[in-house]
Amino acid sequence: MIQMKRHMKIATFLGISALPGFLLATGVGFAAEPAPSGTESAVLTEAPAVPPPLTRRHATNVVVNLEVKETTKRLADGVEYPFWTFGGDVPGNFIRIREGDTVEFHLHNDPNNKMPHNIDLHAVTGPGGGAESSFTAPGHSSRFSFQALNAGLYVYHCATAPVGLHVANGMYGLILVEPKEGLPPVDHEYYIMQGEFYTLGKFGEEGLQAFDMEKAVDEKPNYVVFNGSVGSLMGEHSLTAKVGEKIRLFVGNGGPNLRSSFHVIGIIFDTVYQEGGTAPTHNVQTTVIPPGGAAIVEFTAKVPGNYTLVDHALFRAFNKGAVGRLTVSGPANTLTYSGKQADTLYAGDGKPAAPASKLQAAVASPVASTPITASLKPAASGQTDIPSASLSAAERAQFERGRGVYMQTCFVCHQANGQGVPGQIPPLAKSDLLMADKAGAIRGVLQGRNGEVTVNGKKYNGIMIPFGQLKDEQVADVITYVRNNWGNSGEGATPQEVNAIRKANPEVAGKLASSPFE
Amino acid sequence: MNGHGLMSLAALLMLNVGLSGQELSAPAPTSGTPADMVLIPSGVYRPLFRAASEPKEVSVQAFYLDKFPVTTGEFLEFVRANPRWRRSQVKPLFADQSYLKNWKADLEPGAPLNAAATDVSWFAAKAYAQWKGKRLLTVAEWEHAAGAGTTRPDGENDAAFRQQVLQWYTTLGAAPGPVGANPANFWGVHDLHGLIWEWVLDFNSAMVTGDSRADSGGLERGLFCGAGAQGAREVANYPAFMRLGFRSSLNANYCIHNLGFRCAKDL
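It should be emphasised that the depicted structure is a prediction, and the values quoted were computed from it without experimental measurement.

Trainee: It is not clear to me how the overall build of chain B should be interpreted in this structure. Could you clarify?
Mentor: Scanning chain B for helices and strands turns up 6 helices and 7 strands. From first element to last, N terminus to C terminus, chain B shows the α and β order α-β-β-β-β-α-α-α-α-β-α-β-β. Counting the 267 residues in chain B, one finds 46% classified as buried. The long-range fraction of contacts in chain B, counting pairs at least 24 apart against all pairs at least 6 apart in sequence, stands at 72%.

Trainee: What should I look at first to understand the interface of chain A and chain B in this one?
Mentor: When the parts of a complex come together, some accessible area is lost, and that lost area is often taken as the interface size. With 28 residues of chain A at the interface, the matching set in chain B holds 29 residues. Sorting the residues of the side of chain A that touches chain B by element identifies β2 (61-76) and α3 (163-168) of chain A as the ones contributing at least two each. Class assignment of the residues belonging to the side of chain A that touches chain B gives a composition of 16 nonpolar, 8 polar and 4 charged.

Trainee: Before we go on, may I ask you to explain the nonpolar core in this structure?
Mentor: Inside soluble globular proteins, nonpolar side chains tend to come together where they are buried. Counting residues in each nonpolar core, the largest one holds 160 residues, and the members touching the most others are Tyr154(A), Leu174(A), Ile175(A), Leu65(B) and Leu136(B). Counting only domains with at least three residues in this core, you end up with domain 1 (36-178) and domain 2 (188-329) of chain A. Ignoring sequence-local partners within four residues, the contact set of Leu65(B) consists of Met37(B), Val38(B), Ile40(B), Leu137(B), Ala145(B), Val189(B) and Ala264(B). Of all hydrophobic cores here, the second largest spans 20 residues; its members include Cys410(A), Val445(A), Val478(A) and Ala493(A).

Trainee: What should I look at first to understand the sheet that holds strand β21 (residues 323-329) of chain A in this one?
Mentor: Backbone hydrogen bonds are what pair the strands of a sheet, in a parallel or an antiparallel way. Residues and elements named next belong to chain A. With mixed pairing, 5 strands are arranged side by side in an open sheet as β13-β21-β20-β15-β18. Sheet topology places β13 (239-242) and β18 (286-289) at the edges, where each strand pairs with a single neighbour. With strand direction ignored, the average angle separating the axes of adjacent strands in the sheet is 20°.

Trainee: Could you clarify how one ought to interpret the confidence of the model for chain B in this entry?
Mentor: Residues and elements named next belong to chain B. Here chain B averages 81 in pLDDT, while 75% of its residues score no lower than 70. Within chain B, the lowest mean pLDDT, 38, falls on helix α1 (residues 2-19), and the highest, 98, falls on strand β4 (residues 63-66). Note that residues 1-23 has pLDDT below 50 and, in this model, 19 contacts with residues that lie over four places away or in other chains. Counting interchain partners and residues more than four positions distant, the pLDDT-below-50 stretch residues 215-228 has 40 contacts. With pTM at 0.70, the complex prediction returns an ipTM value of 0.75.

Trainee: Help me understand the sheet that holds strand β7 (residues 264-266) of chain B in this model?
Mentor: Residue and element names in this part refer to chain B. Read from one edge to the other, the open sheet built from 3 strands follows the order β1-β4-β7, with strand pairing classed as antiparallel. Each edge of the sheet is formed by a strand with only one pairing partner; in this case those strands are β1 (37-40) and β7. On average, each strand axis in the sheet is inclined to that of its neighbour by 30°, with strand direction left out of account. Sheet topology places β4 next to β7; 3 bridges connect them, and they run antiparallel. Across the sheet, Leu65 pairs through a bridge with Ala264, a residue of β7.

Trainee: Can you walk me through the environment of Val243(A) in this structure?
Mentor: Checked against the element boundaries, Val243(A) lands in the loop between β13 and β14 (246-255). Not counting the four nearest positions on each side in its chain, Val243(A) is found in contact with Ala301(A), Lys302(A), Pro304(A), Val328(A), Gly330(A), Pro331(A) and Asn333(A).

Trainee: Where do I start with the confidence of the model for chain A in this structure?
Mentor: When pLDDT drops low, the exact placement of atoms in the prediction is not to be read closely. All names here are of chain A. On average, residues of chain A score 85 in pLDDT, and 85% of them are at 70 or above. Within the model, the stretch residues 1-31 combines pLDDT values under 50 with 27 contacts to residues more than four positions away or in other chains. Under a pLDDT of 50 for its full length, residues 508-518 has, in the predicted model, 26 contacts with residues more than four places off or in other chains.

What counts, and at which threshold
- Residues numbered from 1 in each chain as written.
- Chains lettered and ligands numbered in written order.
- Predicted model: local features only at pLDDT ≥ 70, side-chain atom pairs only at ≥ 80, totals over all residues.
- Helix = DSSP H or I, 4+ residues; strand = E, 2+ residues; numbered from the N terminus.
- Buried ≥ 20, exposed ≤ 12 C-beta atoms within 10 Å, placed from the backbone.
- Contact = placed C-beta atoms within 7 Å.
- Nonpolar A, V, L, I, M, F, W, Y, C, P; charged D, E, K, R; others polar.
- Core = buried A, V, L, I, M, F, W, Y, C linked by C-beta atoms within 7 Å.
- Domains from an automatic or database assignment.
- Pairing = 2+ DSSP bridges.
- Axes fitted to C-alpha atoms, helices over the stretch in contact; angles between N-to-C directions.
- pLDDT = per-residue confidence, 0-100.

Right, dumping it as C-alpha cells:
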C-alpha cells in the first residue's frame, strides 16, 4: 500500500505541456511565445550546489559569465592534478535557465592560462553548440548568444583540439533548461557529475600527477570519480536529507570515455528523466548515463541511514573512487526496513541450526510490535574517530594521515567505524586479532589474505585484496590508525617495520597469501 | 650572451658524448653560421591537416635558427632603439593592452633580462626580427626544427621524448623562466618545448575553426564530435594539435603571458 501511495505522488515534470489546449482555454498558456523581457545574470554554483529554482514565468535575457581556469587541485588524498576547469572547479559551474530564454554567453579565458579554450553547450541549437564562436586565447573573452529552444538537462564541455584531452582534464559541467512550467518543488537539489582521470601514477600514488595519454586512448582510467576528486561526496561533504524529504539529483557524465551506471545503494528512484530528456521513467534501480549525457533522478528519503552513490560498474567504485554518500537522518522506519533481526547458525542443506519456530519468532516480533517506533539503533551518523588516549604526538600525526588512507582504501569493506560487515568482513574495532598480531595485519595489507580467520570468536572466510601499492609510510599510518581507534589502544607501526615485512614477503603476482595472520 | 655561449658549448659537448657510436650526428657548425644560431638542414614537414588539393608534404629548405627564444634583455634593446615599440607608444592596432604588461616602465622590464620575452604581439615580433636582419620562421620550419628529440632528429619516434613534451603542454602556465634551461635538441636548439609558445610567421595559415571536431581536414567544416581527427595525419600527436589550436586562437595584435618568439635567417 505504501508503495502504491508513493507512486501516486510522483510529480509530473513537464506533464502540463501535454495539455496545451487546456492551458490556452484557461488563459494561463504560453502558446503566444512572448519575446523575452528583462535581463538578468545567471546564478552559477559549484557542485554539489544547484542554483535556486527559477520563479519567473516568462522568458528573459540571461547573461552568463563563465571563466576558464587552469588550476592544480586535489584529486585524492596526497594526489594533485593540473585540472582545466569552467569556473575553477570540476565539474564546471551549474547554469540554470528557462526554456525560451535568450542567453548572452561570455566565456573568459584567464590570462594566466596556457591553453586556448571554448565551450560546446549541448543546450545550443547550431553548429558546434557554441564551440566555434567561443574559441578564446588566454587573456581574452568571447561572446555569443543562443535561444534555449528545448527544455532538459544538458552537458557542456570544451571542444578545443585535442578535445579528448580538454575533457579528460575536467572541462565539463551541466546546464539545466527548466521547462516553461518549472519543475515540481522538492526539498533538496544536488549536482553530481562523474568523470574519469588518466594519470601516469597508479591510483593513490602521491604527488602531482601528469596526464597519461596511452591510458586515455586505451580508455583505462586510474580514477573514476564524482565531482572531480576521490571523496568529494564523503564524510563532511556527504549529501544530507531528512526522512520524508524529496530529493532531486542532477547527474551528468563528463566522461570522456566511460558510461556511468548510476546507482544509489538502498534507494529505488521514483522518477528518472533518462538522458536528461523530458520523458519520465518510474521505479528505476540503475540509470545509464553516457559520456556527454545527463539524467534527472528523483526519490524520497524514507529510511534513515547512510546511502552510497556508486557507478555500479563496481571496480570503479571499489578501486577507482566512484563513491559518494547521502546521509538521511530522522526517526527509524522499521516497517519499510527492519534492520538485522536475527543472526543464527546455519547447518547447510536448508536446515537451520536453530529451531524453526524460534527463528520465525525472532523475525516476526519487531514487526508485530509497533513498527515505526520500534527501538532500533538510531541512524549511523557517519564516520567517527575515537582516538586512543595513549597516542604520542608523533603517533597522533600518523593517526591523522592514517585516516586519509583508511577512507580511501579500507572503509568500503571495514566500514566507516571499523565495524566490518557481520559474517563477511571482520571488524577492526575492538578486534582481538588485530591487537594481538600487528605484523600479521601489516602483511595482510601488503599481500591481502585468503582463508579462514577468527576474530572475537567469530569465523570469517573471505578474501582481502592486497594493497601493496601503498607506500611504507601509508601502511604504517593506517595500521597506527586502526590499532588506536574505536576502542583499540596499542603500539603503532613504523615505515621501517613495514618495509622489513615487505622485503621478507616478496610479492608473488596474482597469488594471495594463504593467511597473513598465521 | 656569454652565458648562452657557454651553455650551448656545454650542450654541444654533451651531444657529442651522447652520440658517440651512433649513426646519427648533428651537423658541424659551419663557418658562416651567425652567432647564437644553428643550421637546420633541409627536410620535410607533413602538415597535421590538409585539404585534398594540398600536398602531403612540404619541403623545408635549410635555414639558420636562433638557439634560444628572444630574451627580455634583447627585447629591451629593441624598444630602446625603436621608441614606437615602447609600451606607451605602441599603436593598439599592432599590440593589444596586454603588450609588455609586466614592465614597470617603457625601459624597465618586470622580468629578469634572461627570461624569455613574452606579452609581445606578432607585429612586434616581426619588427624585432626585421631590426635584427632576420625574419620569423614559418610553421613548417618551426615544426621541422621542433620535431627533433634530444638524441635523434625524428623525435616523434621517441616515446620518452613525446611524453616529456606532452607533459609540458599539460602543465599549468607559469611565468616563463630563463631561456636555455631545457636541454638542446638534436640540432642544438633550446626551449622549442618546455618554456613558452612561439609566434610563427604564418600562425594563421592553418586556421582551424576552434572546434576540434569540426576541423576534419583542411577546409572541411561540416563534421562534429571526434571528426576533428578524420583528416589528421597523426592523431596521436597531441602536442601538435595543441600548437595548432593555440596558433589558431590568436590574432596578430594579441599579447599573451607565455607567448614569445625566436628568429630565423636564410642561408
